[in-house]
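Survey of secondary and tertiary structure
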Amino acid sequence: MTSNERITVSGTALAAPTITPDRIAEFPVRDDRSQREYLVRIDADDLSAFITRGSRLDAVGEAGWTVPGRSWQGEASRTLLQAQSVHAGDMALAA
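Now for a look at the structure at hand. (Residues numbered from 1 in each chain as written. Predicted model: local features only at pLDDT ≥ 70, side-chain atom pairs only at ≥ 80, totals over all residues. Heavy atoms only, no water.)

Let us now look at the side chain of Glu37. Among the secondary structure elements, Glu37 is positioned in strand S4 (residues 37-43). Of the polar contacts made by the side chain of Glu37, one reaches the side chain of Arg78; its length is 2.9 Å. When neighbours within four sequence positions are excluded, Glu37 is seen to be in contact with Leu14, Val29, Arg30, Ala76, Ser77, Arg78 and Thr79. (Helix = DSSP H or I, 4+ residues; strand = E, 2+ residues; numbered from the N terminus. Polar contact = N/O pair within 3.5 Å; in protein donor to acceptor, adjacent residues only side chain to side chain. Contact = heavy atoms within 4.5 Å.)

Written out as structure tokens, the structure reads:
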């Protein structure tokens, strides 16, 4: 049995969302405090924020399963976050 934990992740999107055939938007986020990576999943119709690589955001939802990383691509394992809401924060400006 898996017990999900309700959390808020405040961090930076590592990529723009991709939309699955089931209309689920998913994208990786690195949490500012813990530096852990999360794979945020939310219904595409509920994603009201415009997210790109480098976007600052807050995602609220339930953390559960761990998605193993692909070591041959230098990808870390990520905790799946089934988000109920995603709010974009300040835009990160690139030089």
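Phe27, Val40, Ile51, Leu57, Leu81 and Val86 are the most contacted members of the largest nonpolar core, which totals 19 residues. Contributing elements (two or more residues each) for this core: strand S1 (5-13), strand S3 (24-31), S4, strand S5 (56-67) and strand S6 (78-88). In this structure Leu57 touches Val9, Ser10, Gly11, Ala13, Phe27, Val29, Ile51, Val86, His87, Ala88 and Gly89, once residues within four positions along its chain are discounted. (Core = buried A, V, L, I, M, F, W, Y, C linked by side-chain atoms within 4.5 Å. Buried < 20%, exposed > 50% of the residue type's maximum accessible area, 1.4 Å probe, protein only.)

This next bit is on the side chain of Arg78. Its place among the elements puts Arg78 in strand S6. On the basis of relative accessible area, Arg78 is assigned to the buried category, the value being 15%. Other than its neighbours up to four places away in sequence, Arg78 contacts Leu14, Pro28, Glu37, Tyr38, Leu39, Trp65, Thr66 and Val67.

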